[in-house]
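# Analysis of the macromolecular model
What follows is the residue order along each chain.
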Amino acid sequence: MRHTLRETWSGLRRNLAMTVAVIVTMGVSLSLFGLGLLTSMEVDLVKGRWYDKIEISVFLCIETTTGGLCEEGKGTTDAQRENIRAALEANPEVQEVFYESKEAAFEEFRRVFKESPIVGSRTADQMQDSFRVKLVNPENYQGVVSEANGLQGVQNVQDLQSIFEPLFKWLNGLQWATIGMSVLLLLAAGLQIANTIRMAAFTRRREIGIMRLVGASNLYILLPFLLESLVAGIIGVIVSSVTVAAGYLFLIERNAKTSIRTLPWIDWSHVAAAILAMAAVGLALAIIPTLLATRKYLRI
Amino acid sequence: MIMFEDVTKFYPGQSRPALRNINLEIERGEFVFLVGQSGSGKSTFLRLILREFRPTKGTLYVAGKNLGTLNQWKVPALRRQIGTVFQDFRLLPGKTVYENVAFALQVIGKSTKEIRQIVPETLETVGLTGKEGRLNEELSGGEQQRVAIARAFVNRPQILIADEPTGNLDPETSVGIMKLLDRINRTETTVIMATHDSTIVDQMRRRVLELRDGELVRDQSKGVYGA
């Protein structure tokens, strides 16, 4: 054991520059990887929260509205209304259809804006009747929207999805970009470890040769190299974990959570999950290249 | 102790075998010279015993183990029963005589207490008492080979393999090394020595195996170098 530890230590010292390079690459790439994971968790969270609420609003015509498939000066007739309801309910993408009358809409308006001066700016007759449509899968909204847009008596179709979609696209892109970059960097870190260990094994090839000759076990021969890369890997994991945790603490916990309350935010449990994933990747990245790099020297 | 049964060894990508249909048995405590020109298969013969690779055909038993079917992870245990000495000594630079010999015990997990007891004994056997603290760079060729023999013998192997141990030494020093190998042989250790040194073979009068182009052409007890 003493021999193993001494060999590990001398290996680390001899390759100090390479070890530091490995730690830095590992730290940065794992941090990026963690960032990507947390972004994707956040996106999922936001999507989940909003998709629950997202519905399509199909506004019907009243006398004063124009545009859509309204006849000028006329509201949607009862027959048209029933037609619209039937059409929406028949659509397989639709989960539920509620009818919100203009009176109900007015009540809601008054409730929402009860402390605002604009509460008196409207009357019930200015509100529109509407159908609120909940979808089976909120991401497949386009079919329903275009169908509703083609129905007589529909003035306008509003879907929140089309408002959020650019945001989600952007977040998705960000998430894939960070994960993609981190994978490249992780690959670099793995190659760097393999190289470092290969060099270390090469400098110790005489010792390894003697060890094999006198019957040292493979594990015994491998252990100093494994410990060497594990030390670098573990430091890399610690560095990246601290980075990710600090980033979360200062950017989200102390900042975004208080300033943007409308969004759901990831919490420490997500950070812990990300750090676990980072640790797993980091350790695998230390062990696997080491085993591959030393294979040649251990082949009996 | 060692039994070759119709052993043939091909190296990958070569059409001619390095060893062809070798049949022989080496008993415990024998002293065997392995002679033949370079490329005749001597090294392959020794490396097969060390299980650096398996025979292509045939069966090979060493120390009671069938090397063709021996599990990969049991190879270190086999190697602990075999000591090996080379022409170029293969000592670790920057280490003292004592450290070089102790290294062989450390890496197979022997305790410091055991090492402190066994190493001086072995150094005495090979005649290096008083030189424990020397770096091997400060030693003569003969002394370095003694260190190498001590390292090979320190774990009391059943078999000692010596690949041209006197190849880099002058005749006088070689005699000393041969006396040492003979002494080790008397402890019931099987010694197999590949050599080009006809004087030594002719003087010692031990069993001689001669290889030519991978075939065993002579197996003579109390033999001479060139029959």
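In this text the structure is predicted, and so the values were computed from the model without any measurement.

Now for the overall build of chain A. On a plain count of helices and strands, chain A comes out with 9 helices and 4 strands. Listed N to C, the secondary structure of chain A is α-α-β-α-β-α-β-α-β-α-α-α-α in terms of helices and strands. Scaling as 2.2 N^0.38, a compact globule of 300 residues should have a C-alpha radius of gyration of about 19 Å, whereas chain A reaches 31 Å, well beyond that. Considering only C-alpha atoms, chain A reaches an extent of 100 × 40 × 25 Å along its principal axes. Taking all 300 residues of chain A together, 34% fall into the buried category. In chain A, of all internal contacts separated by at least 6 residues, the share reaching a separation of at least 24 is 84%.

With that settled, consider the domain arrangement of chain B. The accessible area lost on association of the parts is a frequent measure of interface size. Residues and elements named next belong to chain B. Along its sequence, chain B is organised into domain 1 (1-81 + 158-227) and domain 2 (91-156). Inter-centroid distance (C-alpha atoms) of domain 1 to domain 2 is 24 Å. Taken together, the 10 residues of domain 1 in the interface contact 10 residues of domain 2. Ranked by the residues each element gives to the side of domain 1 that touches domain 2, the list is headed by helix α6 (residues 171-185), at 5 residues. Of the residues in the side of domain 1 that touches domain 2, the class split is 6 nonpolar, 3 polar and 1 charged.

Right, let's get into unusual backbone geometry. If a residue is not glycine, its phi is most likely negative; likewise, a peptide bond is most likely trans. Residues and elements named next belong to chain B. Unlike most non-glycine residues, Arg205 shows phi in positive territory, near 55 degrees. The residue Arg205 is located in the loop between α7 (198-204) and β9 (207-212) in this model. With 13 C-beta atoms counted inside 10 Å, the residue Arg205 sits in the partly exposed group. Unusually for a residue other than glycine, Asp213 sits at a positive phi of about 50 degrees. In this fold, Asp213 is placed in the loop between β9 and β10 (215-220).

Our focus in this paragraph is the interface of chain A and chain B. Facing the 12 residues of chain A at the interface are 15 residues of chain B. Per-element tally for the side of chain A that touches chain B: the top contributor is helix α7 (residues 205-214) of chain A, with 6 residues.

Once that is clear, we can look at the nonpolar core. Counting residues in each nonpolar core, the largest one holds 105 residues, and the members touching the most others are Leu34(B), Val101(B), Ala150(B), Val191(B) and Ile192(B). The element best represented in this core is helix α2 (residues 16-53) of chain A, accounting for 10 residues. Apart from residues no more than four positions distant in its own chain, Ala150(B) is found in contact with Val101(B), Thr122(B), Leu123(B), Val126(B) and Leu128(B). In terms of nonpolar packing, the next biggest core, distinct from the first, is built from 19 residues, Phe59(A), Leu88(A), Leu151(A) and Val154(A) among them.

Moving on to the packing of helix α3 (residues 97-106) of chain B against helix α5 (residues 141-153) of chain B. All names here are of chain B. One can describe the packing of α3 onto α5 by two numbers: an axis separation of 8 Å at closest approach and a directional angle of 25 degrees. Our classification of the angle between α3 and α5 gives roughly parallel. Considering how the two elements wind past one another, α3 and α5 form a crossing that is right-handed. In contact with Val97, Asn100, Val101 and Ala104 of α3, α5 contributes Val147, Ala150 and Arg151. In the contact of α3 with α5, the residues fall into 5 nonpolar, 1 polar and 1 charged.

All names here are of chain A. Strands sit in the order β2-β3-β1-β4 across an open sheet of 4 strands; the sheet is antiparallel. Edge positions in the sheet fall to β2 (94-100) and β4 (154-159), since each of these pairs with one other strand and no more. If you compare each strand with its neighbour and ignore which way they point, the axes differ by 20 degrees on average. Here strand β1 (residues 56-60) pairs with β4 via 5 bridges, running antiparallel. If you follow Ser57 over to β4, its bridge partner there is Gln158. Along the sheet, helix α5 (residues 142-149) contacts β1, β2, β3 (130-135) and β4; its crossing angle with β4, the most-contacted strand, is approximately 165 degrees.

Another point: the sheet that holds strand β4 (residues 57-62) of chain B. Strand pairing within a sheet occurs via backbone hydrogen bonds; the two strands may be parallel or antiparallel. Residues and elements named next belong to chain B. The strand order across the open sheet built from 4 strands is β2-β1-β4-β5, with neighbouring strands paired in antiparallel fashion. In the strand order of this sheet, the two ends are held by β2 (19-26) and β5 (65-66), each with one partner. Pairing of strand β1 (residues 2-9) with β2 involves 5 bridges; the strand directions are antiparallel. When the sheet's bridge partners are listed, Met3 is paired in β2 with Glu25. In the packing of helix α1 (residues 42-49) onto the sheet, contacts are made with β1, β2 and β4, and the angle to β1 comes to roughly 125 degrees.

This paragraph deals with the pairing of strand β6 (residues 82-86) of chain B. Residue and element names in this part refer to chain B. The buried count for β6 comes to 4 of 5 residues, which makes it a mostly enclosed element. Alignment of β6 against strand β7 (residues 159-163), held across 5 bridges, turns out to be parallel. Bridged to Val85 within β7 is Ala162.

Of all residues in chain A, 98% have pLDDT values of 70 or greater, and the mean over the chain is 84. Across chain A, helix α9 (residues 268-298) of chain A holds the top mean pLDDT of 92, while helix α1 (residues 2-14) of chain A sits lowest at 78.

All names here are of chain B. Strand β3 (residues 31-35) sits mainly inside the fold: 5 of its 5 residues count as buried. Here β3 shows no split at all, with Phe31, Phe33 and Val35 on one side and Val32 and Leu34 on the other all buried. The pairing of β3 with strand β8 (residues 190-194) spans 4 bridges and is parallel. Along β8, the bridge assignment pairs Leu34 with Ala194. As paired elements, β3 and β9 share 4 bridges and run parallel to each other. Directly across from Val35, in β9, lies its bridge partner Glu210.

Residue and element names in this part refer to chain B. Taking 1.5 Å of rise per residue, 14 residues should cover 20 Å, and helix α4 (residues 112-125) covers 20 Å from first to last C-alpha, within 8% of that figure. All buried positions along α4 are accounted for by Val119, Thr122 and Leu123. Down the axis of α4, the sector holding all buried residues measures 95 degrees, keeping them to one side. Exposed residues lying more than 90 degrees from the buried face of α4 are Lys113, Glu114, Arg116, Gln117, Glu121 and Glu124. On its buried face, α4 sits against α3 and α5.

Cut-offs applied
Residues numbered from 1 in each chain as written. Chains lettered and ligands numbered in written order. Predicted model: local features only at pLDDT ≥ 70, side-chain atom pairs only at ≥ 80, totals over all residues. Helix = DSSP H or I, 4+ residues; strand = E, 2+ residues; numbered from the N terminus. Rg over C-alpha atoms; globule rule 2.2 N^0.38 Å. Buried ≥ 20, exposed ≤ 12 C-beta atoms within 10 Å, placed from the backbone. Contact = placed C-beta atoms within 7 Å. Domains from an automatic or database assignment. Nonpolar A, V, L, I, M, F, W, Y, C, P; charged D, E, K, R; others polar. Core = buried A, V, L, I, M, F, W, Y, C linked by C-beta atoms within 7 Å. Axes fitted to C-alpha atoms, helices over the stretch in contact; angles between N-to-C directions. Parallel < 35°, antiparallel > 145°, perpendicular 65-115°, else oblique. Left-handed = near helix turned anticlockwise from the far one by under 90°. Pairing = 2+ DSSP bridges. pLDDT = per-residue confidence, 0-100. Expected span 1.5 Å × (residues − 1). Arc of directions from axis to C-beta.

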